[in-house]
Amino acid sequence: MKIAKEAIVGTLESSDLLVKVAPNDSGILDIVIRSEVIKQFGKQIRRVIDQTLSKLEVSEGTIIVEDKGALEYAIRARVQSAVLRGAASEELNWEQLS
Amino acid sequence: MKVRRSMLFVPGDKPAMLSTAFVYKPDSVMFDLEDAVSPREKDSARLLVFHALRLPAYNDIETVVRINPLDSAYGLEDLEAAIRAGADVVRLPKTDSANDIRELESEVERLEKQYGRPVGETKLMAAIESASGVVNALAIATASPRMIAIALAGFDYLVDMRTRRSGGSEPELFYARAAVLHAARAAGIDAFDVVYGDVNDDEGFLREVQIAKQLGFNGKSLVHPRQVDLLHRAYAPTGEELEYAKRVIAAAEAAHRTGLGVVSLDGKMIDPPVIDEAEMVLSRAYVA
């Protein structure tokens, strides 16, 4: 899935996260994560984001995540929503979203 | 018998609430994709609810998803998310006729087949929010064998009736409550009373709970976690009621064992509806 335009999803409320995506033509996938719990859970957050992007076949773009202590399910949902908005995708492929 | 007293609404776009609603131990938790979610957040809320439904914490609690109406831009995708994630019940808002339920049923069946769920597994309930819905309540309640409950939604209904809530004895809701409840009982399904929106007014809430309980509603739709415990306490049988129910059931069991067709207690004959009532009292007493 190609990120074609900037998009933002989520909030900065506790247990939520804000995800911004933007196109990036350099051919690299640039992921920036800021989290209040980066020391304890940084690796897990990174793993969930990587898995989610990989399943959506996102291989280039800029992804900025501001985490406020969200659980895995919320991270997955917000990253998916941001990518779908950025890709201007109308069709939902539930296999990729599961 | 599944006890349904409390159906706790959880806004579909609030991760903090989606992942914690189970701790309040409502009988059913309802993830809302409709009125609680603004149009620009429908896509993201749908995915949050999709993933929240699969949290292990919800394995042991009845999950309900309130989808947007099927003729809206969101309804079908909401339904797809709910069925694929394994929601127990789909709640259709603004149900005006039996046809609304039949349309929903046919989409649910198609999606169950598509996603390998047993056909018929997903249950349905309807929220009645208009004069048409109230008038058609029996047809709605009996429109599908999947129907497990109907709920009266007061706000939209009263707008349709060109009035508003008065507090107190609420004559403006009398007919709708009675009609919805009769339809549910005739159909053999559950009935939920309206939400009480002022979450800081325990007294008003409990007054309304008493009306609902006395009329015979199974319970209420709830908009705040603190209402769950208040409602459960109000619906709990008193010690006296519990003791009597136990004696009725013991008498019925004794009559059954000895092959007697007639059940009697303290020299009085006990009719089958009294035994049913006793079973209901016991079921309310022994749920968490």
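Because the structure is a prediction, the values reported are computed rather than measured.

Taken domain by domain, chain B consists of domain 1 (6–235) and domain 2 (239–285). For domain 1 of chain B and domain 2 of chain B, the distance between their C-alpha centroids amounts to 33 Å.

Across the contact, 13 residues belong to chain B and 18 residues belong to chain A. Of all the elements in the fold, those that place two or more residues in the side of chain B that touches chain A are helix H1 (15–18), helix H2 (42–52) and helix H3 (75–85) of chain B. Ranked by residue count, the leading element in the side of chain B that touches chain A is H2(B), at six residues. In the side of chain B that touches chain A, the residues fall into six nonpolar, three polar and four charged.

Before going further, it helps to spend a moment on the nonpolar core. Counting residues in each nonpolar core, the largest one holds 96 residues, and the members touching the most others are Val49(B), Val90(B), Ile128(B), Ile150(B) and Val180(B). For this core, the element with the most residues is helix H2 (residues 72–86) of chain A, which contributes eight residues.

For the pair H2(A) and H2(B), the least separation of the axes is 9 Å and the interaxial angle reads 150 degrees. Judged on the interaxial angle alone, H2(B) and H2(A) are roughly antiparallel. Every pair of crossing elements has a handedness; the one defined by H2(A) and H2(B) is right-handed. Facing Tyr73(A), Ala74(A), Arg76(A), Ala77(A), Arg78(A), Gln80(A), Ser81(A) and Leu84(A) of H2(A), the residues of H2(B) in contact are Asp43(B), Ser44(B), Leu47(B), Leu48(B), His51(B) and Ala52(B). Tallied by class, residues from the contact of H2(A) with H2(B) come to seven nonpolar, four polar and three charged.

In this section: the sheet that holds strand E4 (residues 61–67) of chain A. Residue and element names in this part refer to chain A. Strand order in the open sheet formed by four strands is E1-E2-E4-E3, and the pairing between neighbours is mixed. Here the strands that pair on one side only, and so sit at the sheet edges, are strand E1 (7–10) and strand E3 (29–35). On average, each strand axis in the sheet is tilted by 10 degrees relative to the strand beside it, whichever way the strands run. Across four bridges, the pairing between E1 and strand E2 (residues 17–22) is antiparallel. Note that in E2 the partner of Ile8 across the bridge is Lys20. Contacting E1 and E2, H2 runs over the sheet at an angle of about 30 degrees to E2.

About the criteria used
Residues numbered from 1 in each chain as written. Chains lettered and ligands numbered in written order. Predicted model: local features only at pLDDT ≥ 70, side-chain atom pairs only at ≥ 80, totals over all residues. Domains from an automatic or database assignment. Contact = placed C-beta atoms within 7 Å. Helix = DSSP H or I, 4+ residues; strand = E, 2+ residues; numbered from the N terminus. Nonpolar A, V, L, I, M, F, W, Y, C, P; charged D, E, K, R; others polar. Core = buried A, V, L, I, M, F, W, Y, C linked by C-beta atoms within 7 Å. Buried ≥ 20, exposed ≤ 12 C-beta atoms within 10 Å, placed from the backbone. Axes fitted to C-alpha atoms, helices over the stretch in contact; angles between N-to-C directions. Parallel < 35°, antiparallel > 145°, perpendicular 65-115°, else oblique. Left-handed = near helix turned anticlockwise from the far one by under 90°. Pairing = 2+ DSSP bridges.

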